Amino acid sequence: VQLQASGGGLVQAGGSLSLSCAASGRTFGSYDMGWFRQAPGKERELVAAINRSGGRTRYVDSVKGRVTISRGNAENTVYLQMNSLKPEDTAVYYCAARRSFVDSVTIRATDYDYWGQGTLVTVSS
């Protein structure tokens, strides 16, 4: 599967951004999906993940209450709505896909099979 992330940009602190990740292929509903981010000098970290049916999600503590992951299996797209953005949210955001045979949420980066190219989010103070 090929992933194309979009929606990044420059926003002031307190603002919002909506990221999208479009997937190729006709088996999108068989993949767990995740959003990760990597800031300069830091390791890649999970932001949010969603299971293949969309009924279960996980979030890193630092974004809980501000970020929502969702998916549209008919549209082959996973979304990340980010509100109340902070300067520490500045990073390159990546979407990832994992072929799933159980209805679970995948949280480890090493478990994902496919990665998008990343989209830069910059939050100014």
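In this text the structure is predicted, and so the values were computed from the model without any measurement. (Residues numbered from 1 in each chain as written. Predicted model: local features only at pLDDT ≥ 70, side-chain atom pairs only at ≥ 80, totals over all residues. Heavy atoms only, no water.)

### Re the pattern of salt bridges
Rules: Here a salt bridge means any side-chain nitrogen of Lys or Arg lying within 4 Å of a carboxyl oxygen belonging to Asp or Glu. Numbered from the N terminus, helices here are DSSP runs of H or I no shorter than four residues, and strands are runs of E no shorter than two. Each residue's exposure class comes from its accessible area (1.4 Å probe, protein chains only) as a fraction of the maximum for that residue type: buried when under 20%, exposed when over 50%, partly exposed otherwise.
All told, the structure shown has five salt bridges when counted by the stated rule. For Asp 89, the salt bridge identified is with Arg 37, shortest N-O distance 2.9 Å. With Asp 89 in the loop between strand S8 (77-82) and strand S9 (91-99) and Arg 37 in strand S4 (residues 31-38), this residue pair connects regions lying 52 residues apart in the sequence. Taken individually, Asp 89 and Arg 37 each receive the classification buried, so the pair is uniform in this respect. The partner of Asp 89 in a salt bridge is Arg 66, and the shortest N-O contact between them spans 2.8 Å. Here Arg 66 lies in the loop between strand S6 (57-59) and strand S7 (67-72) and Asp 89 lies in the loop between S8 and S9, a separation of 23 residues in the sequence. For Asp 89, a relative accessible area of 2% corresponds to the buried category. With a relative accessible area of 10%, Arg 66 lands in the buried category.

### Looking at the side chain of Thr 119
Selection rule: Whether two residues are in contact is decided by their heavy atoms: any pair within 4.5 Å suffices.
Position of Thr 119 among the secondary structure elements: in strand S11 (residues 119-124). The class of Thr 119 is buried, set by a relative accessible area of 10%. When sequence neighbours within four positions are dropped, the list of residues in contact with Thr 119 reads Ala 5, Ser 6, Gly 7, Gly 8, Leu 19, Ala 91, Val 92 and Tyr 93.

### A look at the pairing of strand S3 (residues 17-23)
Rules: A pair of strands is treated as paired once DSSP finds two or more bridges between them.
Side chains Leu 17, Leu 19, Cys 21 and Ala 23 of S3 all project onto a buried face; the interleaved residues Ser 18, Ser 20 and Ala 22 project onto a face where none is buried. Relative to S3, strand S1 (residues 3-6) runs antiparallel, the two being bridged by four bridges. Opposite Ser 6, over in S3, you have Ser 20 as the bridge partner. Pairing analysis gives six bridges linking S3 to S8, with the strands arranged antiparallel. By the bridge assignment, Ser 20 is partnered in S8 with Tyr 79.

### So, the packing of aromatic side chains
For clarity, the threshold we go by: Within 6.5 Å between ring centres, the rings of Phe, Tyr and Trp (the latter by its six-membered ring) count as paired, and their orientation is classed by plane angle as stacked under 30 degrees, edge-to-face over 60, tilted in between. The criterion is that NZ of a Lys, or CZ of an Arg, lies within 6 Å of the ring centre and within 35 degrees of the ring normal, and then a charge sits over that ring.
Taken as a whole, this structure holds four aromatic pairs when the rule is applied. Ring geometry for Phe 36 and Tyr 112: centres 5.3 Å apart, planes at 80 degrees, overall edge-to-face. With a gap of 76 residues between them, Phe 36 in strand S4 and Tyr 112 in the loop between S9 and strand S10 (114-115) connect regions that are remote in the sequence. The burial state of Phe 36 is the same as that of Tyr 112; both residues are buried. An aromatic cluster is present here, built from Phe 36, Tyr 112 and Trp 115 joined pairwise through their rings. Above the ring of Trp 115, the side-chain terminus of Arg 44 is found at 4.7 Å from the ring centroid. A cation over an aromatic ring shows up here: Arg 71 above the ring of Phe 28, its NZ or CZ 4.5 Å from the ring centre.

Everything listed here is a matter of geometry and, on its own, says nothing about what the molecule does.
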